[in-house]
Structures are given as C-alpha cells and as structure tokens.
Amino acid sequence: MSSCLPLIFMALTSFLVLPGSGFQATDTASVADLLLADEIEKAEAVLNRQPRTAESIAFRGEIEFRRGNFDRAQSLYRESLQADEKTARAHFGLGKLALAKLKSPEALVQFKRATALMPAEAIFHLYLGEAYGIEKNYAAQKAELRQYIKLDPPDPDRLAEAKAAVEMVDALGGRNIGVTVAPAAPFPVPFQRMLNLIFVEGRVNGKGPYKFVLDTGATQVVLSEKLMGELGLNPITSTIMHGVGGGGKVESKLYRIDDLTLGDVKITNLPVGNFTDPLVTQLADGIIGTAVLSDFFVTVNYPGRRLELSRKATPPVSAGESLGGWYFSNLLLVPLDVNGQFHGNFVVDTGAVTTVLSHSMAAKLGVNESTPGAKVDVGLAGVGGVEGTLLRVPDVTFKSGKIAEVFPQVVSIDLKQVSKMIGTEVSGVVGYDFLEAYKIILNYKTAEVRLVK
C-alpha cells in the first residue's frame, strides 16, 4: 500500500487563469481541435501534410509555444504576419508572448487585432480580458469575459470559470483588486522552515495571527475552510482549482476578504480561494501566492529566514544570476538545461518540498514506467489528490549560465494538467532542495527571477 510522501503545495487556481488555446476554423479545424486537446504531435503531423500558408505557420508557432520554445514561436508568428498581416492567430500568439513578459499594453494591441480579425474566436476574447485585468480595466475585462461566455465555446470547465470570474469582478465592486498599503521600506517578515516548507504569520480582516505557507507556486491566496468559518465569510461563487495529484483538479469556492496583512504590508479588496484537504489544514491556515505582493521586488531569503519586500531591486542587479523568466497565470517559470542535453521551463515553487521533473522530461532522459526500478512505491499528495505514478530519475544536473545544481536522484511526476492549465510545457518544478541556499528575488513587473548565494 502506498504512503504519502512530501506534499507539494501547488495551489494552482483557475480564477482569471487561462488555458491553452482552443482554435476553431473551417480550413484547419482538425489542427485546432488537436491543439485544444493538447495533442501536439498529432497536430504537427497534420500540419506536415498541409501546404505552408500564413495560418499554418501561425499554428506551427502555437506548437512551439506549447513546447516552451518561445523564441522559435515568436519567429514563426512574425513569419506568418510577413506572409499575411491579417493572420489573426499570429497576432494572438504575439499577444500571448507579450503577456508572458508582462508587457500588457503590447498584448492588448495584439489581442485587439486578433479579435477584430476573428471576432467569433472565443479564446481571443478570454485572453484580451486577461490583459485588461492586468491593466486594471475591470469594465473592459468583464465585457470580454461576457463575450467569451456568449460565444459558448466547447470547454465547460473554462466556461464555468469565466462565469465565476464575472461574478467575482462584480463582487469586488469595480474597485482596484489587491491594492497595497505599505511604508516605503517595509520591515522584513520572518519565516519558519519546517518540513521543507516556509511559513509566515499574517492577519486576515484584522484577525489573527494565522499561519500561512509562503508559496511562489500558488497563483493566488487560498484559505482553509476552517478559517473561512472562523472569519464568517460567505462564498461568492465557485471555480476549479488545478494542481498536482489525482485528477489534477478540485472544486474551490471563491470569497472576498477586506484585507490581508503581512508585517506592515496590507493588501486590500482581495479574492481568495479555499481548500478542505485535512492534511493541509493540519499544517497551515492558508497558502499565500507571492504574486499578491507584485507591487514589490519579492525576496525569499532562505539563508536569512525572512521575506523581504522592496520598491527597488536589492541586492544590486549585478549580483547572482537572472534566469529571465516567463509569467503564466501568476506563476514564474525559468529556463534551465537538464544534463547538458535538454532545455525546459521550470516553475519556481517555494511550496514544493522537493524538486521534480515532468514525465516528459524524464522520458527524454531515458526513464519511463517500463524502466526497471524506476517506479517509486509511494504517493505524493498535491492539490488534486494523490499522485500515484512517481519515477526515479538518477543523476540529474540543472544548469543555467552561472548556476549548476546536481542531484543524485530526482522524482518525476505527471505535470500534464499543469501544462494544459497554463498553456505551455512545464518541464518540472524547482523546490526546496534546489532553492534553500539562495535568496530568490522575484520581479513580477518584468518576469525576472534572480538567484543570489
């Protein structure tokens, strides 16, 4: 019988979080449907049998985007527009790339062009709404979400989530969401390290203190059902929470809180999700995704055991190494080479008790379920339940320009649901055993992650 190994706090919630694209068009409908189903290899095979047109080039760009080859995707999108500047999918692709670098004004321009060229393409409106949300134009965001719902795409989960997002925007009263009230130089917030996780104390609606997991791999703030009851909060709507384990998703209720306080930093008018997992509840009252602190340079200082928030980059930008990340659904992904042979994009996750590879990356390294001795006879608990298929991958080295971390063994897990949720391949998660020696500086304005020893 399996036992539960370390819990990975992947609180990947889908409130205003976008899936992979669901293109639909008459001339290349089979490619669109395959991409919607995340059948990337099959979509590529179909494209290989078709003539090279502006639209097929844009689809090839989408395939490279899904694989995490963003430079190649950008080249293909631009090639498509050189062939035909009215290729809506190429504009959409460039908009997604801009959004992934938090260049929301540029993303708005591209998404608007895409929707003008193909107004009946539902997914374009969903992403346009996301860009409006980043720009804090909530009226326009809600209008695009409603247009997405009106077009009734064949995606029941995402439709339900879009409806929940509209309800949540209404409940937040049209005011700015997650407004920060803080001194110019906030005092560091101490944290405790336990079970390879980091915990901070905070207050909700002036009550507390409560204990929270500080989680760079969580897309938003999530509170326990027990704490919701203590605070007397009533749910506004419900949505789906995506993450590691089980079926990869569970239902989550959404609430509004007046404020969340960490040290002398207060964040007001905030949407939060909930969780009911009894194991998680024993450890913490909630999970704080660091993206909620995006007004600051966020430094998770493992050696100093404290969370540092600054309006300016500190230490100097010359210190350590910038990994030049990408931003997807409030998560920061960084590029790393694996064993000097393969390139991948990895979630930086202080809520992961261990570093893991995806099964697809493990397969590239020659390890799959048929590999003798690869299967691990334990379970790994996450938001979606217990993940049953774990594989041992021996002798793994993660490397960037200046950084090399060597592991005698890494576990691989199924990250397909997470990859599908954010719309691009996740090759793994860098967790506690990778990050514990560093100061991790997160810049949510430029999608940069800097590691300093």
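A separate point is the environment of Leu126. In this structure, Leu126 sits in helix H7 (residues 122-134). Taking the relative accessible area as the measure of exposure, Leu126 reaches 5% and is therefore buried. In sequence terms Leu126 and Phe111 are 15 residues apart; their C-alpha atoms lie 9.6 Å from each other.

Ranked by size, the top nonpolar core spans 64 residues in total, and within it Leu223, Leu293, Phe398, Phe434 and Ile440 carry the most contacts. With residues near it in sequence (within four places) discarded, Ile440 still touches Val298, Thr299, Val300, Tyr302, Val348, Leu435, Val449, Arg450 and Leu451.

Before going further, it helps to spend a moment on the packing of helix H5 (residues 88-100) against H7. Two numbers describe how H5 lies on H7: the axes approach to 11 Å, and their chain directions differ by 30°. Classified by the angle their axes make, H5 and H7 are roughly parallel. In terms of crossing hand, the pair formed by H5 and H7 is left-handed. Together, Ala88, Arg89, Phe92, Lys96 and Leu99 of H5 and Ile123, Phe124, Tyr127, Glu130, Ala131 and Ile134 of H7 make up the contact between the two elements. The class makeup of the residues in the contact of H5 with H7 is 8 nonpolar, no polar and 3 charged.

Right, let's get into the layout of surface pockets. Volume-wise, the second largest pocket comes out at about 660 Å³. Ile40, Glu41, Arg66, Ser360 and Glu425 are, among the 26 residues lining the second largest pocket, the residues nearest its centre. For the lining of the second largest pocket, the class distribution of residues is 4 nonpolar, 13 polar and 9 charged.

As a further point, take the side chain of Asn301. When you line up the elements, Asn301 lands in strand S13 (residues 297-301). Overall, the relative accessible area of 4% leaves Asn301 in the buried class. At 2.8 Å, the side chain of Asn301 forms a polar contact with the side chain of Glu308. Among all residues touching Asn301, those that are not within four sequence positions of it are Phe191, Arg306, Glu308, Tyr438 and Lys439.

Below, the discussion takes up the packing of aromatic side chains. Scanning the entire structure with this criterion turns up 14 aromatic pairs. Taking 6.3 Å as the distance between ring centres and 70° as the angle between the ring planes, the aromatic pair formed by Phe191 and Tyr302 counts as edge-to-face. Of the two residues, Phe191 is situated in the loop between strand S4 (189-190) and strand S5 (192-194) and Tyr302 in the loop between S13 and strand S14 (306-310); the sequence distance between them amounts to 111 residues. Of the two residues, Phe191 and Tyr302, both sit in the buried class. Seen from their ring centres, Tyr302 and Tyr432 are 5.8 Å apart, and the 75° between their planes marks the pair as edge-to-face. On the criterion of sequence distance, the pair formed by Tyr302 in the loop between S13 and S14 and Tyr432 in helix H14 (residues 432-435) is long-range, its members being 130 residues apart.

Criteria and thresholds
Residues numbered from 1 in each chain as written. Predicted model: local features only at pLDDT ≥ 70, side-chain atom pairs only at ≥ 80, totals over all residues. Heavy atoms only, no water. Helix = DSSP H or I, 4+ residues; strand = E, 2+ residues; numbered from the N terminus. Buried < 20%, exposed > 50% of the residue type's maximum accessible area, 1.4 Å probe, protein only. Core = buried A, V, L, I, M, F, W, Y, C linked by side-chain atoms within 4.5 Å. Contact = heavy atoms within 4.5 Å. Axes fitted to C-alpha atoms, helices over the stretch in contact; angles between N-to-C directions. Parallel < 35°, antiparallel > 145°, perpendicular 65-115°, else oblique. Left-handed = near helix turned anticlockwise from the far one by under 90°. Nonpolar A, V, L, I, M, F, W, Y, C, P; charged D, E, K, R; others polar. 1 Å grid on protein atoms, 1.4 Å probe; cavity = no way out; pocket = protein on both sides within 12 Å on 5 of 7 lines; lining within 4 Å. Points joined across faces, edges and corners; volume = space filled by probe spheres on them. Polar contact = N/O pair within 3.5 Å; in protein donor to acceptor, adjacent residues only side chain to side chain. Phe/Tyr/Trp six-rings, centres within 6.5 Å; stacked < 30°, edge-to-face > 60°.

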